Amino acid sequence: MQTTKTIHAVLVALVALIPCLLVAQTPAIDSLTKVLSRLTDLEKKIEVLGELQKLSFNSDLEKSKAYGYQVVSLSKLTGNNLALATAYKDLGVSHIMVSNFDSSWQYYSLAKLEYEKLVQRSGSKDQSKILEGYAGTVSNMGNWYYYQSNMDSATSCLQRAIELSEASGILKAKANSLGTLSFIFMDQLRYDHALEMQLEALKTFEKLGNQDGIARSYQSLGQINCDFLDKCDLALGYYRKSLNLKKGLGNERSMAYVFRLMGDAHQKLMALDSAAFYFESAMQLAEKTGDKRLLADGLSALAMLWGDQGKPYLQRIEIVERLARVAKEAEYDQALCSAYLSLGEIYMEQGDYVKSKTNYELAVPLATQLKNYSFLSVAQFQLYTLYNEHLKDPGRALGALQAYLVSHDSVFNAEKFQAVEDVSTKYETEKKEATIAQQELVLQQQRTRFWFIMGILGLSLAGGAMLFRLTRILRQRNQEKEFLIKEIHHRVKNNLQVLSSLLYLQSKHIKDDAALDAVREGQNRVEAMGLIHQKLYMGDNLAAVEMRDYLHNLGDTLLDAFRLDDNRIKITYHLEPLHLDVDTAIPLGLIINELVTNALKYAFPDGREGVVEISLWKNDAGKLCLKVADNGVGRHGAPELKNSTSFGTSLVQLLSKKLKGAPQVLDTDGYATLIEFENFKEARK
Amino acid sequence: MRPLTILLVEDEPVIALDLRMALEQHGHRVICAHDAGEALAFSARYLPDVAILNFLMQHNMDGMELAQLLRTRFLVRVLMVTGSRWEDMEASAQFYAGTEVLYKPFTRRQLKECLEDIVK
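First, a word on what this report is: a plain description of the structure on this page. Every chain's residues receive numbers from 1 upward, in the order its sequence appears when written. A letter from A marks each chain and a number from 1 marks each ligand, given out in the order of writing. Confidence filtering applies because this is a predicted model: local features only for residues at pLDDT of at least 70, side-chain atom pairs given and counted only at 80 or more, and all residues used for totals across whole chains, interfaces and linings. To obtain the side-chain values, all non-hydrogen atoms of the structure were used and water was disregarded.

1. Observations concerning the packing of helix H6 (residues 81-97) of chain A against helix H8 (residues 127-147) of chain A
All names here are of chain A. Interaxial distance between H6 and H8 falls to 10 Å at its minimum, and their mutual angle equals 20°. On the basis of their axis angle, the class for H6 and H8 is roughly parallel. Taken as a pair, H6 and H8 cross one another with a handedness that is left-handed. For the pair formed by H6 and H8, the contact residues are Leu82, Lys89, Val93 and Ile96 on the first element and Lys129, Ile130, Gly133, Gly136, Thr137, Asn140, Trp144 and Tyr147 on the second. When grouped by side-chain class, the residues that make up the contact of H6 with H8 number 6 nonpolar, 4 polar and 2 charged. Axis lines are fitted to C-alpha atoms, over the contacting stretch for helices. Their N-to-C directions set the angle, which ranges from 0 to 180 degrees. Only DSSP runs of H or I covering at least 4 residues are called helices, and only runs of E covering at least 2 are called strands; the numbering of each starts at the N terminus. Any angle from 65 to 115 degrees is called roughly perpendicular, while one under 35 is roughly parallel, one over 145 is roughly antiparallel, and all others are oblique. Left-handed describes a crossing whose near helix is turned anticlockwise from the far helix by less than a right angle; the clockwise case is right-handed. Contacts between residues were defined by any pair of non-hydrogen atoms, one from each residue, lying within 4.5 Å. Basically, the charged four are Asp, Glu, Lys and Arg, the nonpolar ten are Ala, Val, Leu, Ile, Met, Phe, Trp, Tyr, Cys and Pro, and anything else, Gly included, counts as polar.

2. Details of the pattern of salt bridges
Proximity of charged atoms lets side chains of opposite charge pair with each other. Residue and element names in this part refer to chain A. Any carboxyl oxygen of Asp or Glu that lies within 4 Å of a side-chain nitrogen of Lys or Arg is treated as forming a salt bridge with it. Per the counting criterion, the structure on display carries 29 salt bridges over all chains. With its nearest N and O atoms 2.5 Å apart, the salt bridge here joins Glu682 to Lys618. Of this pair, Glu682 sits in the segment after strand S7 (671-677) while Lys618 is found in strand S4 (residues 610-618), placing the two residues 64 residues apart along the sequence. Exposed residues in this analysis have more than 50% of their type's maximum accessible area, buried residues have under 20%, and partly exposed residues fall in between, with area computed by a 1.4 Å probe over protein chains only. Here Glu682 falls in the partly exposed class, since its relative accessible area comes to 36%.

3. Here's the deal with unusual backbone geometry
The step from Lys104 of chain B to Pro105 of chain B runs through a cis peptide bond, and the omega angle for that step is -10°. Turning to its location among the elements, Pro105 of chain B is positioned in the loop between strand S5 (99-103) and helix H5 (108-118). Look at Asp230 of chain A: it is not a glycine, yet its phi comes out positive at around 55°. Positionally, Asp230 of chain A belongs in the loop between helix H12 (211-228) and helix H13 (232-249). A positive phi angle, near 45°, is found at Leu47 of chain B, a position not held by glycine.

4. Some points on the pairing of S4 of chain A
Residue and element names in this part refer to chain A. A pair of strands is considered paired only if DSSP assigns at least 2 bridges between the two. Bridge count between strand S2 (residues 569-575) and S4: 7 bridges; the pairing is parallel. Of the residues in S4, the one forming a bridge with Lys570 is Val611. As defined by bridge partners, S4 adjoins strand S5 (residues 624-630) across 7 bridges and the pair is classed as antiparallel. From the neighbouring strand, Ser615 faces S5, where its bridge partner is Lys627. Here S4 folds back onto S5 in antiparallel fashion, the turn holding 5 residues, of which Gly622 has a positive phi close to 85°.

5. Looking at the sheet that holds strand S1 (residues 5-9) of chain B
All names here are of chain B. One open sheet holds the 5 strands; their spatial order is S2-S1-S3-S4-S5, and the pairing between them is parallel. The open sheet has two edge strands with one neighbour each: strand S2 (29-33) and S5. Within the sheet, the average angular offset between the axes of one strand and its neighbour, ignoring direction, is 20°. With 5 bridges connecting them, strand S3 (residues 50-54) and strand S4 (residues 77-82) associate as parallel partners. Each bridged residue has a counterpart across the sheet, and for Val50 the counterpart in S4 is Arg77. Helix H2 (residues 36-46) rests against S1 and S2 of the sheet, and its axis sits at about 150° to S2.

6. Regarding the interface of chain A and chain B
Taken together, the contacts link 27 residues of chain A with 22 residues of chain B. Of the roughly 2300 Å² buried at the junction of chain A and chain B (both faces included), carbon and sulfur atoms supply 54%. On inspection of chain A and its partner chain B, the count reaches 2 salt bridges. The closest approach of N and O atoms between Arg109 of chain B and Asp556 of chain A, which form a salt bridge, is 3.9 Å. Polar contacts here mean pairs of N or O atoms no more than 3.5 Å apart (in protein, one a potential hydrogen donor and the other a potential acceptor; neighbouring residues in sequence count only if both atoms are side-chain atoms). Between chain A and chain B we count 8 residue pairs in polar contact (both at pLDDT 80 or more) in total. If you list the elements that add at least two residues to the side of chain A that touches chain B, you get helix H21 (394-507), helix H22 (513-535) and helix H23 (547-561) of chain A. The biggest single contributor to the side of chain A that touches chain B is H21 of chain A, with 12 residues. A breakdown of the residues in the side of chain A that touches chain B according to their chemical character gives 10 nonpolar, 9 polar and 8 charged. Joining two parts hides part of their accessible area as seen by a 1.4 Å probe, and the buried area is that hidden amount summed over both.

7. A few points about the environment of Leu595 of chain A
Residues and elements named next belong to chain A. On the secondary structure map, Leu595 appears in helix H24 (residues 582-603). Through-space distance from the C-alpha of Leu595 to that of Thr673 is 7.9 Å; in sequence the pair is 78 residues apart. Leaving out residues up to four positions away in the same chain, Leu595 has contacts with Leu626, Val628, Val652, Thr673 and Ile675.

8. A word on helix H20 (residues 373-390) of chain A
Residue and element names in this part refer to chain A. Along its 18 residues, H20 runs 24 Å from first to last C-alpha, staying within 8% of the 26 Å computed at 1.5 Å per residue. Phe375, Leu376, Ser377, Ala379, Gln380, Gln382, Leu383, Thr385, Leu386 and Tyr387 are the residues of H20 that are buried. Of the residues one or two after H20, Lys392 is the one with positive phi, at around 50°. One less than the residue count of a helix, multiplied by 1.5 Å, gives the span that helix is expected to have.

And the structure:
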């Protein structure tokens with residue numbers, strides 16, 4: 001496979017040389033060089049130099065490159081971008097022919113850039129030339145990728161070249177690209193496709209009337225049939241056709257190559273004599289054209305064939321030694337190494353172990369340099385065998401064995417590495433696919449979660465909006481209610497004030513004492529209630545009355561009403577801090593109002609001094625206790641509570657009943673009333 | 001307490017009469033106005049010491065606005081009487097010196113105490 005690939009590479013490289021292989025170059029070069037020396041016009045000079053660059057490809061690459069560099073500098077000077085692009089492209093070809101891949105790629109890239117610029121400037125008279133050059137460059141880039149075993153990029157470049165070539169109407173690049181594509185398919189063991197491509201290339205070359213191309217296509221068809229499809233008879237037919245065309249074209253170097261291939265085909269068909277004939281023919285032509293590499297290939301093939309044929313050692317040694325000489329001259333290390341290995345083998349078979357050893361030892365550094373581990377491991381293993389079995393040098397044998405194992409490992413490792421790489425590529429791919437699938441799943445889950453959350457969020461928002469609206473409505477209603485309550489209370493308070501004023505104003509017109517007394521008592525009662533309303537709504541709880549403050553106010557008001565603010569009679573208070581509900585506070589306030597009024601009216605007659613004591617507390621039984629006591633004249637001067645018919649006393653009875661309490665008159669020095677209320681309501685603070 | 005000239009602005013006639021009698025009983029001079037316009041006019045004419053204002057008046061200007069004018073234009077001390085407990089009113093009253101609030105229903109004694117406080 002390695003060999004096949006090399007052959008393909010050489011073939012593809014040859015594709016780029018078509019123009020220079022068509023004609024006998026040397027006379028043309030000579031006359032052009034003469035013309036060049038007489039030229040003064042720069043454009044014409046560029047043209048001639050460009051031609052010389054192409055023509056010198058085969059004869060002298062260095063000269064070709066030099067012409068190319070001249071074209072580059074001159075065309076830059078004149079702004080002839082087409083010439084510049086062409087020079088770049090051809091320089092790329094020059095470099096690839098000596099395996100200078102990096103420089104080659106640089107020139108191809110520069111050429112591509114220039115062609116692209118030219119293509120964008122549409123309408124040029126050289127449009128088809130530009131497109132042709134562009135297609136050629138892209139095609140060469142495809143070949144470059146092919147050498148680098150980057151088949152995907154190669155394929156895409158070649159396909160693009162085919163498109164461009166078709167657009168230019170000059171199909172040479174298309175045909176060449178098809179040829180390389182055919183090799184790619186061969187490498188991929190897709191021989192049907194390879195054949196198809198090559199036939200397509202053949203058709204295109206035929207259309208173009210490109211004899212060299214047709215010849216190359218026949219040659220390639222032969223190779224596919226012989227090397228891969230084992231149809232060597234059919235292959236020989238193609239080779240003959242190719243050979244005839246090449247003969248007509250006078251392309252002897254190329255003919256030599258076909259002879260080589262024909263020899264291979266015959267060897268495969270076991271027609272060894274015929275094979276030898278073709279190999280010899282190839283060698284003769286190679287010698288004639290001075291192509292030492294081709295000669296070395298022919299010698300190598302023939303040497304192997306002679307081995308198979310069982311030719312005498314001397315002859316075999318002779319041909320291999322010749323091979324070594326030619327390879328050395330051509331600096332063809334691969335062939336030289338193979339020659340040393342062959343010599344080592346022949347001498348070992350002959351029993352000349354020292355010579356055998358010498359040749360194997362010569363092969364080792366070369367193989368190392370070439371990084372050809374299969375050559376290296378063969379050489380080292382044979383050296384081990386020689387030292388161990390024939391030269392009886394166990395120390396060196398061991399060294400050779402170790403070296404062999406290392407290089408063998410290298411071969412093995414290279415294979416293993418490839419295998420591992422394949423496996424790991426497969427694993428990585430599978431892993432990536434699994435990761436992608438997993439990520440897809442995660443994404444799907446995230447998407448589901450996202451929509452679920454969005455749904456919930458939407459619902460929450462809608463719910464929230466509704467709740468907000470509802471709260472606002474409720475708050476609004478609440479505020480309205482509160483406003484209404486405050487408004488009602490405002491009216492109540494205002495009316496109580498009016499009522500109090502009315503009673504006061506009325507009292508001003510009453511002459512009768514009893515009536516006046518009654519009206520004033522009425523006014524006091526209104527004020528007792530009014531004070532409660534005045535204290536209401538001061539805190540958060542609208543219905544709470546703070547009793548201490550209220551009772552002080554009530555006491556002062558009563559003293560004021562009876563004009564007792566001269567300290568003759570004092571009111572003292574023993575009050576537990578209590579907040580009572582308005583429903584309890586009003587009857588309680590009225591009861592106290594009556595009891596204190598009684599005391600103020602009757603307990604201290606005749607300017608007598610004294611104290612009225614108001615006490616309010618909660619006892620252990622949880623009852624609300626009220627005591628109003630005085631140190632006045634006592635029972636005899638006071639009206640009998642139980643049997644009393646006075647309105648005040650009745651009022652106390654009535655209101656006490658409401659609060660589930662019964663007034664008791666206590667036996668004291670003065671007069672004291674105690675009431676324990678069961679039914680009372682404390683306000684929330 | 002020295003006799004005062006008191007401007008009374010109360011749109012409830014019964015209460016106005018009662019207050020007037022009560023105040024006059026204590027030796028004060030009482031000028032009654034029925035709305036904000038009258039109040040301003042009388043203030044200009046009589047330069048009262050104290051104005052007793054009903055906070056919620058039925059006419060075009062509320063008690064607080066009138067109180068502010070009286071305070072700033074005629075340097076009158078103001079006693080607001082009201083049946084409502086409005087937090088913003090209390091805050092305003094506290095903010096301005098010489099302003100007291102008396103809640104309805106109030107007793108004569110409370111009125112007397114408030115007046116004493118305000119002219120201190």
